[in-house]
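# Structural overview for review
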Amino acid sequence: MIKLIVSDMDGTLLNDEKKIDLEIYELLPKLQEKGIRFVVASGRQYPSLKKHFHEHIRDVVVIAENGAFVVDNGKELVVEPMEPQKVAHCLDTIFTLKGVEPLLCAKYCSYTRSPELLEFLSSPLFHYEMRLTDDLYQVKEDIIKVSMVSHEGGSAESCYNSLRPLLDDNLNLVISGDACLDTGLRGVTKGTAVAALQKMWGIKPEETMVFGDQYNDVEMFSQAYYSYAMEDASEGVKKFARFQAESNNKGGVVKAIREMTGL
């Protein structure tokens, strides 16, 4: 019996136009009636995810920032801040690349030097809470993730290959989108966040469904027997999942949930 469903957002529950599958709103109360918990797990910030679910946010537990921040109905369950020197090290490393803009992610907002990136991420496509700063090194708020966006056509894979040898071994580096990468504390992933919730709620991997499409989803695949890679995911991601869901543009997540739960 399924007791826990976890879904990524971009490329998974959202279509390529960054619009959510509206059928999920209809499903949420039905899942609750059956005692099935629904969790969204994303590299996005919490305010962005909250806006996507509107009045349904009380029916959703949010794993934000790749597992560094977990919130249940306004209650912070997990917070994993980075030490300031590790944040500075990430910035130093990212600044060695051309055409890449860093983004500092706090619990409830993100910081950038770029007015263009601020405008892009705060648009209705992403609904980010953004702050503009002249000097990222002077941001005093606790930072839980350092992201980067390649804005001159460089692939996420090429950025990864350049950065990984330069980063401290205590830091994660994951591809979270076609032109996006995230750094954070090693051992803090979507998978560790899912494991923490399973332990908290007494739910087994064989009672868990997980959906994702990127490399920042693979750790949580190992926490669920019913692990689904999306149809359009890369072959490198698909090999970590047991099952495949239809495309995010065809409502693949909702279809798989309905099939497994009978809703």
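Structural data are supplied above this passage.
None of the values given here were measured: they were computed from a predicted structure.

### Details of empty space enclosed by the protein
Where empty space is left can be seen by rolling a probe of water-molecule size over the atoms. Going through the model one piece at a time under the given rule, you end up with one cavity of 30 Å³ or more. Estimated volume of the largest cavity: approximately 140 Å³. As for the largest cavity, its lining consists of 17 residues, and the residues nearest its centre are Asn66, Asn172, Val174, Val188 and Thr189. Elements supplying a minimum of two residues to the lining of the largest cavity: β10 (171–177) and β11 (180–185).

### Considerations on the nonpolar core
In terms of nonpolar packing, the biggest core is built from 60 residues, with Ile24, Phe38, Phe53 and Phe211 touching the most fellow members. In terms of residue count, the dominant contributor to this core is helix α2 (residues 23–33) (five residues). Setting aside chain neighbours within four positions, we find Phe38 in contact with Ile5, Ser7, Leu13, Ile24, Leu28, Leu31, Phe53, Asp59, Val60, Val61 and Ile257. Counting residues in hydrophobic clusters, the runner-up holds 22 residues, among them Val6, Ala41, Ile63 and Leu197.

### Focus: helix α10 (residues 252–261)
Of all the positions in α10, only Gly252, Val253, Val254, Ala256, Ile257 and Thr261 are classed as buried. Trailing α10 by a residue or two, Gly262 shows a phi angle of about 75°, which is positive.

Calculation rules
- The residue count restarts for each chain, going from 1 along the sequence in the order it is written.
- Local features in this predicted model are restricted to residues whose pLDDT is 70 or higher, and side-chain atom pairs enter the listing and the counts only when it is 80 or higher, whereas totals over whole chains, interfaces and linings include all residues.
- With hydrogens and water set aside, each side-chain value is computed from the structure's full complement of heavy atoms.
- In this analysis, the protein atoms alone were mapped onto a 1 Å grid. Cavities are point sets where a 1.4 Å probe fits without being able to get out; pockets are open sets with protein on both sides within 12 Å along at least five of seven lines; lining residues have an atom within 4 Å of a point.
- Grid points are joined across faces, edges and corners, and a volume is the space filled by probe spheres set on the points.
- Here a helix means four or more residues in a row that DSSP labels H or I, a strand means two or more in a row labelled E, and each is numbered from the N terminus.
- Among buried residues, those of type Ala, Val, Leu, Ile, Met, Phe, Trp, Tyr and Cys that are joined through side-chain atoms within 4.5 Å constitute a nonpolar core.
- Exposure classes here rest on a 1.4 Å probe applied to the protein chains alone. A residue is buried below 20% of its type maximum, exposed above 50%, and partly exposed in between.
- For this analysis, residues touch if any pair of their heavy atoms sits within 4.5 Å.

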